[in-house]
Amino acid sequence: MYHWDFYTVLQSFDLFLIGIWATFIYTVGSIAIGVVVGLLTCFARLSRFPALRILARSYQELFRCTPLLVQILWAYYALPMVLGFSISNTTAGLLTLSLYVGSFYAEIFRGGINAVDKGQREAAAAIGMSGPQSMRYIIMPQAVKKMLPAFINQSVIQVKNTSLLYAISIAELTYMTSVVNSETYRPLESYTLAAIMYFCMLFPLTQIADQFERRMRRSD
Amino acid sequence: MTQTETPIISVRDLTKSFGKLQVLNGIDLDLMPGELLSLIGPSGSGKSTLIRCLNMLEIPTSGMFRFKGLEVRRKFRSEGEQIGVGDLRRRVGMVFQHFNLFPHLTVLQNITKGPLVVLKQDAAEAEATAMTLLDEVGLAEKRDVYPTHLSGGQKQRVAIARALAMKPDVLLLDEVTSALDPELVGEVLQVIRRLAETGMTMVLVTHEMSFAADTASRIIFMEQGRIAETGSPEELLHNPKSERLQNFLARFHA
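**Comments concerning the interface of chain B and chain A**
Across the contact, 23 residues belong to chain B and 16 residues belong to chain A. Counting every contact that joins chain B to chain A gives 1 salt bridge. A salt bridge links Glu122 of chain A to Arg52 of chain B; the shortest N-O distance between them is 2.7 Å. Our enumeration of links across chain B and chain A arrives at 5 residue pairs in polar contact (both at pLDDT 80 or more). Only helix H2 (85–91), strand E6 (92–95) and helix H3 (107–117) of chain B provide two or more residues apiece to the side of chain B that touches chain A. Class assignment of the residues belonging to the side of chain B that touches chain A gives a composition of 12 nonpolar, 5 polar and 6 charged.

Pasting the structure below:
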């Protein structure tokens, strides 16, 4: 029978903490950049200039229809060959994660804006509001409520996606777990602990998303 | 009506097409200050499209459009002697069939948002105006309630107050009682009647024939995108000239 030994693994708890911190930073960083990229892409998709719409759409499909792991490897190993200079794994990782999540956010934002009743835009226009004023004071506040559950769900996925940075040796939680494993030779305990830590970070978030969804259904 | 008086809105040979479908076909119309103009006609006759053209919510396909003698340009901002769509809309208020209140704002905020954002009024002034208007439509005690908690009639009265808060020169009312339960129609018509007594210039699209007969100073009968007949309620409703208008009215008397 297997003799569980969490004690040895827990002695390297500082390594896990480094990993959790990096996972947190890459998640928050890529979500922040992703929101900006997503908003810009979303407005480009809604713009009346066909060139902007096509450009935004192409970016979205490129990132949505290729695996994130391939994108990360491509950004780190292939992109420098195109650019002619090397980029750090930090830059490659953060950039790819941001652009990846941005392409999904754009779709979520667009859905939220389109879900606001057409009459709202007309009512705003009828009291003389400009397009941007109507977007800011009337459409967006309503759209944000509609897009929040999908936004949180995508962000939960984003936390998990940071584990793929393992492939380019970024010291996030999965990578650090492999370090602990190689030091302790305890894969069962190491990876179980890592899974528990991811779970503890994400379970509250999914609960919040569910809560929002329930409240929204009630208020409709 | 004197010769020198400038119409508030004046349109000549106005047309509107949606793709291949021509909805308005050569409309000539002068709206004089203090008039209460009622648009009637069968559905699909273009009356809703016409009223939505009067504040450029629908941009006309062609034709001349003047507001108080000034040409209206098809851009948001005013420029030189030409008035923009934005300035036109804040001076031509509109009330919709389905109210279109802002659900994320309270009754008071629904009314003050336009004055605050568009007219740049300060909060105290906007709120004072809004409370006076809410008082007039009998809903002062609902100031902090969200629209979902109001009846249809109450919503429409708030929507009228919202439009009036912009101090418009004209109020456009597009089938404002059509979405209401029958027992709630009266309270909204009451508000409109009182507005008419204050001399407010109004254009309304309505199916309430008896209301149009009582309050309108002029009635326009529309058919197939044209003004088919126009005149006082007396002339139009009691002595309809065309057979089409006779048939149209017969359905309401039945």
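**What to know about the sheet that holds E6 of chain B**
Residues and elements named next belong to chain B. Spatial ordering of the open sheet is given by E6-E7-E8-E3-E9-E10, a layout of 6 strands whose pairing is mixed. In the strand order of this sheet, the two ends are held by E6 and strand E10 (226–231), each with one partner. Strand-to-strand twist in this sheet, taken as the mean axis angle between neighbours without regard to direction, amounts to 20 degrees. Inspection of the sheet shows strand E9 (residues 218–223) paired to E10 by 5 bridges, in the antiparallel sense. Within the sheet, the bridge partner assigned to Met222 lies in E10 and is Ile227. Sheet strands in contact with helix H5 (residues 152–164) are E6 and strand E7 (170–174), and its direction is about 170 degrees off that of E6. The strands touched by helix H6 (residues 182–197) within the sheet are strand E3 (36–40), E7 and strand E8 (201–205), with E8 carrying the most contacts at an inclination of about 145 degrees.

**Here's the deal with the pairing of strand E4 (residues 62–67) of chain B**
Residues and elements named next belong to chain B. Strand direction decides the pairing type here: strand E1 (residues 9–18) and E4, joined by 5 bridges, are antiparallel. Following the sheet pairing, Thr15 is matched in E4 by Ser62. Examined bridge by bridge, E4 and strand E5 (residues 70–71) share 2 bridges and lie antiparallel to one another. Following the sheet pairing, Phe67 is matched in E5 by Leu70. Count of turn residues in the E4/E5 antiparallel hairpin: 2 residues, of which Lys68 carries a positive phi of about 50 degrees.

**A look at the side chain of Ser155 of chain A**
Residues and elements named next belong to chain A. Tracing the chain through its elements places Ser155 in helix H7 (residues 131–161). For Ser155, a relative accessible area of 9% corresponds to the buried category. In terms of polar contacts, Ser155 uses its side chain to reach the side chain of Tyr105, at 2.8 Å. Not counting the four nearest positions on each side in its chain, Ser155 is found in contact with Ile31 and Tyr105.

**A few points about the sheet that holds E1 of chain B**
Read across the sheet, 4 strands follow the order E2-E1-E4-E5 (chain B) without closing on themselves; strand pairing throughout is antiparallel. The open sheet is flanked by strand E2 (21–31) and E5 of chain B, the only strands paired with a single partner.

**Observations regarding the packing of helix H2 (residues 13–46) of chain A against helix H8 (residues 173–184) of chain A**
All names here are of chain A. At a closest axis distance of 7 Å, the pairing of H2 and H8 adopts a crossing angle of 165 degrees. Taken together, the axes of H2 and H8 are roughly antiparallel relative to one another. Classified by chirality, the crossing of H8 by H2 is right-handed. Contact residues: Leu15, Phe16, Ile18, Gly19, Ile20 and Thr23 in H2; Leu173, Met176, Thr177, Val179, Val180 and Glu183 in H8. Within the contact of H2 with H8, the residues separate by chemical class into 8 nonpolar, 3 polar and 1 charged.

Calculation notes
Numbers given for residues are sequential positions, taken from 1 along each chain in its written order. Each chain gets a letter, beginning with A, and each ligand a number, beginning with 1, in the order they are written. Only residues with pLDDT of at least 70 are given local features in this predicted model, and only at 80 or more are side-chain atom pairs given and counted; all residues enter the totals for whole chains, interfaces and linings. Side-chain calculation: all heavy atoms of the structure are included, whereas hydrogens and water are not. Here a residue-residue contact requires only that any non-hydrogen atoms of the pair lie within 4.5 Å. Take a side-chain nitrogen of Lys or Arg and a carboxyl oxygen of Asp or Glu: if they are within 4 Å of each other, that pair is a salt bridge. In protein, a polar contact requires one atom able to donate a hydrogen and another able to accept it; more generally it is a pair of N or O atoms within 3.5 Å, and residues adjacent in sequence count only if both atoms are side-chain atoms. In this text, helices come from DSSP runs of H or I with a minimum length of four residues, and strands from runs of E with a minimum of two, each type numbered from the N-terminal end. Each residue is assigned to one class: nonpolar for Ala, Val, Leu, Ile, Met, Phe, Trp, Tyr, Cys and Pro, charged for Asp, Glu, Lys and Arg, and polar for all the others, Gly among them. We treat two strands as partners when DSSP finds at least two bridges between them. Helix axes are fitted to C-alpha atoms over the stretch in contact, other axes to C-alpha atoms as well, and angles between N-to-C directions run from 0 to 180 degrees. Relative accessibility under 20% of the residue-type maximum defines a buried residue, over 50% an exposed one, and the middle range a partly exposed one, all with a 1.4 Å probe and only protein chains included. When an angle is under 35 degrees it counts as roughly parallel; over 145 it counts as roughly antiparallel; between 65 and 115 it counts as roughly perpendicular; any other value is oblique. It is the rotation of the near helix from the far one that decides the hand of a crossing: anticlockwise by less than a right angle makes it left-handed, clockwise makes it right-handed.

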